[in-house]
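Residue-level structure breakdown
One letter stands for each residue in the lines below.
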Amino acid sequence: MIPKDEVSHYVGEVMRKWQKLHETSNTFAYQLNVQDSKYLEGSNRIYSELNLERTTLRRAPQIIQSLNPVFEENKFNFKKIPQQELLMILPYDTIEVSIIINKSPLTLYHSLICPDVQNGLAQRVTLDTLRFCRDFLLSLESNRGFRIGYNSPGALASVNHLHMHLINIEKDLYIDNAELDTLCEGDVYRLNSSMPTQAVCWIFNQMDSVTQMENKTRKLYEFLEWLCTENTPHNIFMTPDRVKSQKRLKVFVYPRENFCVLKDFKAFNIGFCEMSGYIPVGDKQLFDQLTETQVFNRIDEETGLIFPKILNYFESGRT
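Residues numbered from 1 in each chain as written. Predicted model: local features only at pLDDT ≥ 70, side-chain atom pairs only at ≥ 80, totals over all residues. Heavy atoms only, no water.

The name recorded for the protein chain in an unreviewed UniProt entry is GDP-D-glucose phosphorylase 1, from Glossina austeni. Looking at the protein chain in UniProt, the text filed under Subcellular location (unreviewed entry) is "Cytoplasm". The record held by UniProt for the protein chain lists under Function (unreviewed entry) the comment "Specific and highly efficient GDP-D-glucose phosphorylase regulating the levels of GDP-D-glucose in cells." (UniProt positions renumbered as here; feature names shortened; annotations may be inferred.)

Written out as structure tokens, the structure is:
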């Protein structure tokens, strides 16, 4: 684990530097300005925000057509960012993790977690990245709104350089309260069949032993590697919560049948945010008219019929 006092210091510095850049420079593509927000009508805690500038002012996304992408030096990557966009570099085990501002932020303090930037890692999760994100969130005592998300190629990844999103969402979301059923031993769960979406969930408890933590993380990594081998796009959402006095981390994986390449910014797209019940939109009419049913229908379209294949993976004993 990362010492709690170190994580608190890191997060405080990220918040301070991010806020100063946002207030005093033109570093960001736009000044974050959420014009409106609301929970959609219904019982599932779908939270939506209107952010008009992200639609028109964000960087055009790259098209990444493989779950085994090759890093391309000539295209935009995080080696090319101006120095002021780098908030800090954190040493972790044998890697260095850069925290970089997201130039087109969805929320306050929205940043990118980028391991070993100079090594040019393509957008495919590594075991060390999972370990860092796990330890970072489990060691974070305050600032309960911080979560970590990931979009794979084919699931709204927009830069082919390994990065996770550090995002600050203080509202309770659909996925925070989703009912879980045991899928297999080792704290692996799935959403209850009564829930309107599907996902696999790993639970890491703060009191887990080092061996338990490592075993769970390796099994999660093996599953993600299998998804890549099967050319199955996926999103990840890591969200901390508490059970009585014990802190735990829920890591949701959302496999998708359909490969999404282009983003329609006038609609709402399905990435890790939307899968989890946070819907940022850039169109006022869409924001006003959006319904919970529309959200779940879009998620269902993207998920498709992949889940029987996912369940077979776990039932076959590969975990």
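Continuing now.
1. A word on helix H1 (residues 4-24)
Along its 21 residues, H1 runs 30 Å from first to last C-alpha, staying within 8% of the 30 Å computed at 1.5 Å per residue. The complete set of buried residues in H1 reads Val7, Tyr10, Val11, Val14, Met15, Trp18, Leu21 and His22. An end-on view of H1 places all buried positions within 140° of arc, on one side of the element. For H1, the exposed residues set more than 90 degrees away from the buried face come down to Asp5, Lys20, Glu23 and Thr24. Residues of H1 that are buried in the fold lie against strand E3 (86-92), strand E4 (95-101), strand E5 (111-115), helix H3 (127-138) and strand E6 (146-151). (Helix = DSSP H or I, 4+ residues; strand = E, 2+ residues; numbered from the N terminus. Expected span 1.5 Å × (residues − 1). Buried < 20%, exposed > 50% of the residue type's maximum accessible area, 1.4 Å probe, protein only. Arc of directions from axis to C-beta. Contact = heavy atoms within 4.5 Å.)

2. Observations concerning the nonpolar core
Soluble globular proteins: nonpolar side chains tend toward being buried together. Judged by nonpolar contacts, the single largest core of 56 residues is most densely connected at Trp202, Phe223, Met238 and Phe314. A per-element tally of this core places H1 first, with 7 residues. Core analysis: the second largest hydrophobic core is formed by 34 residues, Leu173, Leu286, Val295 and Ile299 among them. (Core = buried A, V, L, I, M, F, W, Y, C linked by side-chain atoms within 4.5 Å.)

3. Considerations on the packing of aromatic side chains
Inspection of every chain in the model, using the stated rule, returns 18 aromatic pairs. Measuring from centroid to centroid gives 5.9 Å for tryptophan 202 and phenylalanine 314, while their planes differ by 55°, and the two rings are tilted. Of this pair, tryptophan 202 sits in strand E10 (residues 200-205) while phenylalanine 314 sits in helix H8 (residues 307-315), placing them 112 residues apart in sequence. Each member of the aromatic cluster is reached from another via a ring pair, and the members are Trp202, Phe223, Trp226, Tyr313 and Phe314. (Phe/Tyr/Trp six-rings, centres within 6.5 Å; stacked < 30°, edge-to-face > 60°.)

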